[in-house]
Amino acid sequence: MNKLDNKMDTTKRNVGNEFEKSDGTGKDNQYLYMRSVAKVECGQNEGTAVCVHTSDAVDGHLFLTCAHVVDHTLQSVILRYDGCAVKGRVIYVTHKEAVPYDIAVIVTEQTKQTTDILPCQISDKTPTIGQKLFLVGYACREYAPSTNFGHMHGMMHSILTTTCHVHAGFSGGPVFSIDRKLLGLTVGKLNIGTFHFVLLSTEFMKTINKYIITNNIEILNDLESKCPMETVLWNVKIPTFKV
């Protein structure tokens, strides 16, 4: 194992480790995961984002959402959290032509409005069929997050399906295991029916951890699938519409 691998292993343990600490407010720590979720506003688009890393350095907080939420464009966005509007900057998006994996990376400024934000814990386990889980999202024109429960229905090509009910505006929002660890991001739902699609966290966290360690933005290009077959399967075999 080389030095970078050692650093990445340490980062995997540290990302989201603030959840193990008391927030000093006397609040029930089982709801600390809510402090990682924010509403995203990008022009007329609305979505949800989840914090996966926070730093006292100038790079601030690192959020993930869907690329379609930010129009697959590097631009400024607003994240709304706990009644505050926080400026964010999209530093990476997957290309529109290569839908896998429909992911965007947002960095916020470190301000007094963001000091209450905590990164979520990331699950290192692949969920199993029938496993209970829940999602968090901000419905369009709503400024309070909703939580919906369900279970894992199936998995295909890095995407899992759940029975959780989703609304417009939930795109990019986190899906958590019952022990409150991130399993993935909401990317869409069936045109007909109730199944909800989730991009597994195992598909992006290695790259995100590597970026956190190196601060090399070129590393984020690995978030885009280079597999032609996977692109075809994503676009043809997974008939979704964006939420």
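Here goes a summary of the coordinates provided. Source: prediction; values computed, not measured.

About the criteria used
- Residues numbered from 1 in each chain as written.
- Predicted model: local features only at pLDDT ≥ 70, side-chain atom pairs only at ≥ 80, totals over all residues.
- Heavy atoms only, no water.
- Helix = DSSP H or I, 4+ residues; strand = E, 2+ residues; numbered from the N terminus.
- Buried < 20%, exposed > 50% of the residue type's maximum accessible area, 1.4 Å probe, protein only.
- Contact = heavy atoms within 4.5 Å.
- Areas by Shrake-Rupley, 256 points an atom, 1.4 Å probe, with all protein chains shown as cover.
- Pairing = 2+ DSSP bridges.
- Core = buried A, V, L, I, M, F, W, Y, C linked by side-chain atoms within 4.5 Å.
- Salt bridge = Lys/Arg side-chain N within 4 Å of Asp/Glu carboxyl O.
- Axes fitted to C-alpha atoms, helices over the stretch in contact; angles between N-to-C directions.
- Phe/Tyr/Trp six-rings, centres within 6.5 Å; stacked < 30°, edge-to-face > 60°.

## Describing the overall build of the protein chain
- In terms of regular secondary structure, the protein chain is built from three helices and 14 strands.
- Out of the 243 residues in the protein chain, the part that is buried amounts to 51%.
- Sequence separation of at least 24 residues holds for 63% of the intrachain contacts in the protein chain that already meet a minimum separation of 6.
- As presented, the protein chain carries roughly 11800 Å² of accessible surface, and 51% of it is formed by carbon and sulfur atoms.

## Remarks on the pairing of strand S9 (residues 146-156)
- Across six bridges, the pairing between strand S8 (residues 132-137) and S9 is antiparallel. Within S9, the residue paired with Lys-132 across the bridge is His-151.
- Sheet topology note: the S9/strand S10 (residues 159-162) ladder contains four bridges and is antiparallel. By the bridge assignment, Met-155 is partnered in S10 with Leu-160.
- Counting the residues in the hairpin turn of S9 and S10 gives two residues, including His-157, whose phi is positive at 50°.

## Considerations on the nonpolar core
- In terms of nonpolar packing, the biggest core is built from 52 residues, with Leu-64, Val-105, Phe-204 and Ile-208 touching the most fellow members.
- Take this core: its biggest share by element is five residues, from strand S5 (residues 84-93).
- Look past the residues within four positions of Phe-204 in its chain and what remains in contact with it is Leu-64, Ile-103, Leu-182, Leu-185, Leu-199 and Leu-223.
- Counting residues in each nonpolar core, the second largest holds 13 residues, with Ala-139, Val-175, Leu-183 and Val-243 among its members.

## Thoughts on the pattern of salt bridges
- Within the structure shown, the criterion is met by three salt bridges.
- The salt bridge partner of Asp-116 is Arg-35, with a shortest N-O separation of 3.0 Å. Taken as a pair, Asp-116 in the loop between strand S6 (104-108) and strand S7 (121-122) and Arg-35 in the loop between helix H1 (3-14) and strand S1 (37-42) lie far apart in primary sequence, 81 residues in all.
- For Asp-116, a relative accessible area of 31% gives the class partly exposed.
- Judged by its relative accessible area of 14%, Arg-35 falls in the buried class.

## Quick word on the sheet that holds S5
- Taken together, the six strands give a closed barrel; going around it, the order is S1-S2-S3-S6-S5-S4, and neighbouring strands pair in antiparallel fashion. On average, adjacent strands in this sheet sit at an angle of 40° to one another, irrespective of strand direction.
- As paired elements, S5 and S6 share five bridges and run antiparallel to each other. Paired with Arg-89 across the bridge in S6 is Val-107.

## Quick notes on the pairing of strand S3 (residues 61-65)
- Counting buried residues in S3 gives five out of five residues, a clear majority hidden from the surface.
- Burial of S3 is two-sided: the residues His-61, Phe-63 and Thr-65 facing one way and the residues Leu-62 and Leu-64 facing the other way are all buried.
- Where strand S2 (residues 45-54) and S3 come together, four bridges link them in antiparallel fashion. Among the inter-strand pairings, Thr-54 is bridged to a residue of S3, identified as His-61.
- Taken together, the four bridges between S3 and S6 define a ladder with antiparallel strand orientation. Residue Leu-64 lies in a different strand from S6, and its bridge partner there is Val-105.

## As for the packing of aromatic side chains
- A complete count under the given rule lists five aromatic pairs for this structure.
- With 5.2 Å between their ring centres and 35° between their planes, Phe-134 and Phe-149 make a pair best called tilted. With Phe-134 in strand S8 and Phe-149 in strand S9, the pair connects residues that are 15 residues apart, well separated along the chain.
- Assessed through its relative accessible area of 3%, Phe-134 is described here as buried.
- Judged by its relative accessible area of 56%, Phe-149 is exposed.

## A few points about the environment of Lys-87
- Along the chain, Lys-87 turns up in strand S5.
- Judged by its relative accessible area of 58%, Lys-87 falls in the exposed class.
- Beyond its immediate chain neighbours, meaning those up to four positions away, Lys-87 contacts Val-77, Ile-78, Val-107, Thr-108 and Glu-109.

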